[in-house]
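Reading the structure
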Amino acid sequence: MILLIDIGNSRIKWASLQRGKRAASHSASRPLENQWMAFAAEAWGKLRAPKKILVCNVAGATAAEALREWALQHWKIEPRFLTAQETACGVRNAYTVAERLGADRWAGLIAARARWQEPLCIVDAGTAITLDVLDADGVHLGGLILPGIEMMRRSLLERSEGIRLAADAPAGDGISLLARDTRDGVDGGTLYAAVAAIDRIVADTGAALGVTLTGVISGGDATSLLPLLAGPYHHVPELVLDGLAVIAKEKK
């Protein structure tokens, strides 16, 4: 059994890979820095020792070191932390320094390429919104990073006292094209800002390349964006875990 772990900015997901098949995943809020050992014991303490542990971590060194310490103490296994490479699993990295591409984006590129061999735009709508483009040959052409929806909302509320005070009033009728109170105005405006940016980037990139891009979307805000995006998208909620599974099979 191989244990796959995706440590994001706000949540952590994990699943086991056995005989080439990924089991159902589990998910939880990411623990605080001083709670990692207790979290690991609760989440994985009763599992039989895996042969390998493959981790995608974007939460920083504290999370990585805590997981490493726990795995060594409990199973005497050194986790392998994913870093982007120049090439792997049919994908060629566009970054001039390959490992500077986020591990989560790299896993997402590999997962998408494994399922679709056509020009792709992979959108991860989480704490940040990332867009990465793959051509039909699996060559990563580059990507963009935007603030996520909640990040945009917090920025407005933290930096504008008038908006923050008005947003403390009871909510109105929910998000619509035009809001009638400040809280809904912030929620709707930031949602449409994300939608407009994604639609424009995909349209401009496709036009520049002379192709129609197939959309793939993941991340916590994917379900909010999907009804408003201009084109069709494949919704893959666990794209990073899927990518880790592809990588684990390739490394066997």
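Everything here concerns the structure above.
Below: a short report on this structure. (Residues numbered from 1 in each chain as written. Predicted model: local features only at pLDDT ≥ 70, side-chain atom pairs only at ≥ 80, totals over all residues. Heavy atoms only, no water.)

1. Topic: the sheet that holds strand 12 (residues 214-218)
Reading across from one edge, 11-10-9-12-13 is the order of the five strands in this open sheet, with mixed pairing throughout. Unpaired on one side and paired on the other, strand 11 (140-147) and strand 13 (233-235) mark the two borders of the sheet. Strand-to-strand twist in this sheet, taken as the mean axis angle between neighbours without regard to direction, amounts to 20°. Where strand 9 (residues 120-125) lies against strand 10 (residues 128-134), six bridges are found, and the strand directions are antiparallel. (Pairing = 2+ DSSP bridges. Helix = DSSP H or I, 4+ residues; strand = E, 2+ residues; numbered from the N terminus. Axes fitted to C-alpha atoms, helices over the stretch in contact; angles between N-to-C directions.)

2. As for the packing of helix 3 (residues 103-115) against helix 8 (residues 239-250)
Contact geometry for helix 3 and helix 8: axes closest at 7 Å, N-to-C directions at 75°. One finds that helix 3 runs roughly perpendicular with respect to helix 8. In contact with Asp 104, Ala 107, Gly 108, Ile 110, Ala 111, Ala 112, Ala 114 and Arg 115 of helix 3, helix 8 contributes Leu 239, Val 240, Asp 242, Gly 243, Val 246 and Ile 247. Tallied by class, residues from the contact of helix 3 with helix 8 come to nine nonpolar, two polar and three charged. (Parallel < 35°, antiparallel > 145°, perpendicular 65-115°, else oblique. Contact = heavy atoms within 4.5 Å. Nonpolar A, V, L, I, M, F, W, Y, C, P; charged D, E, K, R; others polar.)

3. Some points on the side chain of Asp 242
As for its position among the elements, Asp 242 is in helix 8. You can call Asp 242 buried: its relative accessible area is 19%. Residues contacting Asp 242, with those up to four places away along its chain left out, are Arg 22, Ala 111, Arg 115 and Val 236. (Buried < 20%, exposed > 50% of the residue type's maximum accessible area, 1.4 Å probe, protein only.)

4. Some words on the nonpolar core
Leu 4, Trp 106, Ile 122 and Leu 244 are the most contacted members of the largest nonpolar core, which totals 31 residues. Where this core is concerned, the elements lending two or more residues are strand 1 (2-7), strand 2 (11-18), strand 5 (52-57), helix 3, strand 9 and helix 8. The contact partners of Leu 244, leaving out residues within four places of it in the chain, are Leu 4, Ile 5, Asp 6, Leu 54, Val 55, Cys 56 and Leu 82. Judged by nonpolar contacts, the second largest core, of 21 residues, contains Ile 129, Leu 131, Leu 191 and Leu 229. (Core = buried A, V, L, I, M, F, W, Y, C linked by side-chain atoms within 4.5 Å.)

5. Some thoughts on the pairing of strand 10
The element strand 10 is extensively covered by neighbouring structure, given that six of its seven residues are classed as buried. Linking strand 9 to strand 10, which pair antiparallel, is a turn of two residues. In this structure, strand 10 lies alongside strand 11, joined through seven bridges in antiparallel fashion. What sits directly across from Ala 128, in strand 11, is Pro 147. Count of turn residues in the strand 10/strand 11 antiparallel hairpin: five residues, of which Gly 138 carries a positive phi of about 85°.

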